[in-house]
Amino acid sequence: GEHTSQDGLVHVALVQKSPYEFCSTCRAPVTKEDTPWGYVVSIGNPMQMQVYVLPGFDFGNAVVTMRKIEGQDGLCGNFNCDKDDDTKEELDTRGFLTADRSIFPEG
């Protein structure tokens, strides 16, 4: 099945695909030849984020794919492939850990 939100910004589809189609280096509870049923959630128009979810009985897998947003920074990274500048200390020096800049407010 599939569903699209009324505003067209969110699309959810039940798909029969291997998690390795979304992430070649992921650790999944299936072999690369398996094609289990999972969900693909696409967000944005044009698509800005995609989440593949492989549910399980005791655990599940999720692969999040995003496009870089100009000026993006924070605890989730800044898309420059340098994990050393994504630490709390580095972000604090750039002023990105203030409450007004967070999408995860404390409290």
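Presented here is an overview of the structure given in this document.

Conventions and cut-offs
- Residues numbered from 1 in each chain as written.
- Predicted model: local features only at pLDDT ≥ 70, side-chain atom pairs only at ≥ 80, totals over all residues.
- Heavy atoms only, no water.
- Helix = DSSP H or I, 4+ residues; strand = E, 2+ residues; numbered from the N terminus.
- Buried < 20%, exposed > 50% of the residue type's maximum accessible area, 1.4 Å probe, protein only.
- Contact = heavy atoms within 4.5 Å.
- Areas by Shrake-Rupley, 256 points an atom, 1.4 Å probe, with all protein chains shown as cover.
- Pairing = 2+ DSSP bridges.
- Salt bridge = Lys/Arg side-chain N within 4 Å of Asp/Glu carboxyl O.

## Details of the overall build of the chain
Counting secondary structure elements, the chain contains 1 helix and 5 strands. By residue count, 23% of the 107 residues in the chain fall in the buried class. For the chain, restricting intrachain contacts to residue pairs at least 6 apart in sequence, the fraction spanning at least 24 positions comes to 25%. Carbon and sulfur atoms make up 55% of the accessible area of the chain, which amounts to about 8,100 Å² in all.

## Topic: the pairing of strand 3 (residues 37–43)
Taken residue by residue, a regular strand's side chains alternate between the two faces of the sheet. Side chains Gly38, Val40 and Ser42 project from strand 3 onto a buried face, and the interleaved Trp37, Tyr39, Val41 and Ile43 project onto a face without burial. Sheet analysis places strand 2 (residues 10–16) next to strand 3, joined by 7 bridges and oriented antiparallel. In the sheet register, Val15 faces strand 3, and the bridge partner there is Gly38. Both strand 3 and strand 4 (residues 49–54) contribute to a ladder of 5 bridges, which runs antiparallel. Looking at the pairing, Val41 lines up with Val51 of strand 4. Connecting the antiparallel pair strand 3 and strand 4 is a turn made up of 5 residues, with Gly44 showing a positive phi of about 105 degrees.

## Some points on the pattern of salt bridges
By the definition in use, this model includes 1 salt bridge. Arg94 is the salt-bridge partner of Glu90, the closest N and O atoms lying 4.0 Å from each other. Since its relative accessible area comes to 35%, Glu90 is described here as partly exposed. Assessed through its relative accessible area of 30%, Arg94 is described here as partly exposed.

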